[in-house]
Amino acid sequence: MQIVVLGSAAGGGFPQWNCHCRMCSSVRNGTSRAEPRTQSSIAVSDDGEHWVIINASPDIRQQINASPQLAYANGARGSGVRSVIVTDAQIDHTTGLLILREGLPLDLYCTAEVAEELSTSYPILSMMKHWEGGYRTHTVDPTSDEGWQIPSVPALRFHPIVLASNAPPFSPYRNKPRPGDNIGLRIVDTRSGATLFYAPGLGAPDGAVLSAMASADCVMMDGTLWTDDEMIREGLGTRLGREMGHLSVSGDDGMLALLDQFDKPRKVLIHINNTNPILDPDASEHKAVLDAGVEIAFDGMPIEI
């Protein structure tokens, strides 16, 4: 299985266009070694030619153009992108569906709950019907043990894992999310058994998450905030990370402590907020992550398992 990190930052990217926190200012002014990052998205393939995008960020055009393996085509139009999966209805994971309109029709996989949001509260799917009929939407059962396969990447099987997180701010289910509002993905290469577990938004682990992490060869996990009150302390928000559906990286119950329970998988943090000091290669927090045997995702990062 081949994986490419298209975007590694949380919503707003890094630096965020209107943010002047220490981290954004330092990368914008060139006073730190931190590298800019686009908004969270990955792509997976079983042959390096046919690709499935997982979460279509607002930066998807830039991300595909920066990824020759996805942008390649034999004819005047086309790409290696064959279908899209969205794990929730958040703006930073779905706005790219608008950008991909020139490539329609495309197969889209999501839960019925997410499809509902994208047809009502945030009606992207209704809008896109005006471009070649829009997306061919396939709804998946978030509680299914069998998962599903995608014809363009037949060697891969996708298993949804319900995540404890939150519904989007525009959703009527905000602060009262349904089981299908947020999923992670356990992706298995049926040829080798190699397994990726992808969970860019995770508020709290449960038994299913722990089991998926234990059996994976690579985990790509929520790295949004270093501390739960980071946004408040920076004067950039009023909510704790857990209220937004994100487990902090540090702390006795944080992501690093969670990852430390597992020896087998390659461990990668993704969906990293612009305020998070782990983005600075010279920060003690960055060193703490690496010392824990955990990698920090960057745009264009290739992974093969």
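Residues numbered from 1 in each chain as written. Predicted model: local features only at pLDDT ≥ 70, side-chain atom pairs only at ≥ 80, totals over all residues. Heavy atoms only, no water.

Peer 1: For the overall build of the protein chain, give the residues involved together with the corresponding values.
Peer 2: A tally of helices and strands in the protein chain yields 12 helices and 14 strands. Its C-alpha radius of gyration of 18 Å places the protein chain within 12% of the 19 Å reference for a compact globule of 305 residues. Considered along the principal axes of its C-alpha atoms, the protein chain spans approximately 50 × 40 × 40 Å. Considering only contacts in the protein chain between residues 6 or more positions apart, those separated by 24 or more positions represent 68%. When the accessible surface of the protein chain is split by element, carbon and sulfur atoms take 50% of a total near 12,800 Å². Separation of charge centres in the protein chain, based on 23 positive and 37 negative side chains, amounts to 4 Å. (Helix = DSSP H or I, 4+ residues; strand = E, 2+ residues; numbered from the N terminus. Rg over C-alpha atoms; globule rule 2.2 N^0.38 Å. Contact = heavy atoms within 4.5 Å. Areas by Shrake-Rupley, 256 points an atom, 1.4 Å probe, with all protein chains shown as cover. Lys, Arg positive; Asp, Glu negative; His and termini not counted. Charge placed at Lys NZ, Arg CZ, Asp CG, Glu CD.)

Peer 1: Help me get a handle on the sheet that holds strand 6 (residues 135-140), residues and values and all.
Peer 2: An order of 6-5-4-3-2-1-14 is seen for the 7 strands of this open sheet, with the pairing classed as mixed. Either end of the sheet is taken by a strand with one partner, and the two such strands are strand 6 and strand 14 (302-304). Taking the axes of each pair of neighbouring strands and ignoring which way they run, one obtains an average angle of 25 degrees across the sheet. (Pairing = 2+ DSSP bridges. Axes fitted to C-alpha atoms, helices over the stretch in contact; angles between N-to-C directions.)

Peer 1: Any chance you could break down the layout of surface pockets for me, citing the residues and the numbers?
Peer 2: Of the volumes computed, that of the largest pocket is approximately 760 Å³. Contributing to the lining of the largest pocket are 35 residues, with Gly-11, Gln-90, Asp-92, Met-244 and His-246 lying nearest its centre. Of the residues forming the lining of the largest pocket, the biggest block, 3 residues, is contributed by helix 4 (residues 91-94). Of the residues in the lining of the largest pocket, the class split is 12 nonpolar, 19 polar and 4 charged. Considered as a void within the structure, the second largest pocket measures approximately 650 Å³ in volume. Along its surface, the second largest pocket is lined by 22 residues, and Ile-64, Gly-78, Ser-79, Gly-80 and Val-81 are the ones closest to its centre. For the lining of the second largest pocket, the elements supplying multiple residues, two or more each, are helix 2 (60-65), helix 3 (68-71) and strand 4 (81-85). Per-element accounting of the lining of the second largest pocket gives the leading share, 3 residues, to helix 2. Taken together, the residues that form the lining of the second largest pocket break down as 8 nonpolar, 9 polar and 5 charged. (1 Å grid on protein atoms, 1.4 Å probe; cavity = no way out; pocket = protein on both sides within 12 Å on 5 of 7 lines; lining within 4 Å. Points joined across faces, edges and corners; volume = space filled by probe spheres on them. Nonpolar A, V, L, I, M, F, W, Y, C, P; charged D, E, K, R; others polar.)

Peer 1: Which residues make up the sheet that holds strand 11 (residues 218-222), and what values do they have?
Peer 2: Overall, mixed pairing links the 7 strands, which are arranged 7-8-9-10-11-12-13 in an open sheet. What marks the edges here is a single partner per strand, and that holds for strand 7 (148-149) and strand 13 (295-296). Bridging between strand 10 (residues 195-199) and strand 11 involves 4 bridges; their strand directions are parallel. Among the inter-strand pairings, Ala-199 is bridged to a residue of strand 11, identified as Met-221.

Peer 1: Break down the pairing of strand 10 for me, with residues and values.
Peer 2: Across the 5 residues that make up strand 10, a large majority, 5, are buried. Because side chains alternate across strand 10, one face comprises the buried residues Thr-195, Phe-197 and Ala-199, and the other comprises Leu-196 and Tyr-198, equally buried. For strand 9 (residues 183-189) and strand 10, the ladder comprises 4 bridges, and the chain directions are antiparallel. Bridging across to strand 10, Val-188 finds its partner in Thr-195. Hairpin connection, strand 9 to strand 10: the antiparallel pair is bridged by 5 residues, and Gly-193 has positive phi, about 85 degrees. (Buried < 20%, exposed > 50% of the residue type's maximum accessible area, 1.4 Å probe, protein only.)

Peer 1: Talk me through the packing of aromatic side chains; I want residue IDs and the actual numbers.
Peer 2: As enumerated under the stated definition, the model contains 3 aromatic pairs in all. Geometrically, the ring pair formed by Tyr-109 and Trp-148 is stacked, given 5.9 Å between the ring centres and 15 degrees between the ring planes. Of this pair, Tyr-109 sits in strand 5 (residues 106-111) while Trp-148 sits in strand 7, and the two are 39 residues apart along the sequence. Across the pair, Trp-148 and Tyr-109 agree in class, each one buried. Relative to Phe-158, the ring of Trp-148 has its centre 5.7 Å away and its plane inclined at 20 degrees; by these criteria the two rings are stacked. Note that Trp-148 is positioned in strand 7 and Phe-158 in strand 8 (residues 156-162), a separation of 10 residues in sequence. (Phe/Tyr/Trp six-rings, centres within 6.5 Å; stacked < 30°, edge-to-face > 60°.)

Honestly, it's all geometry; don't read function into it.
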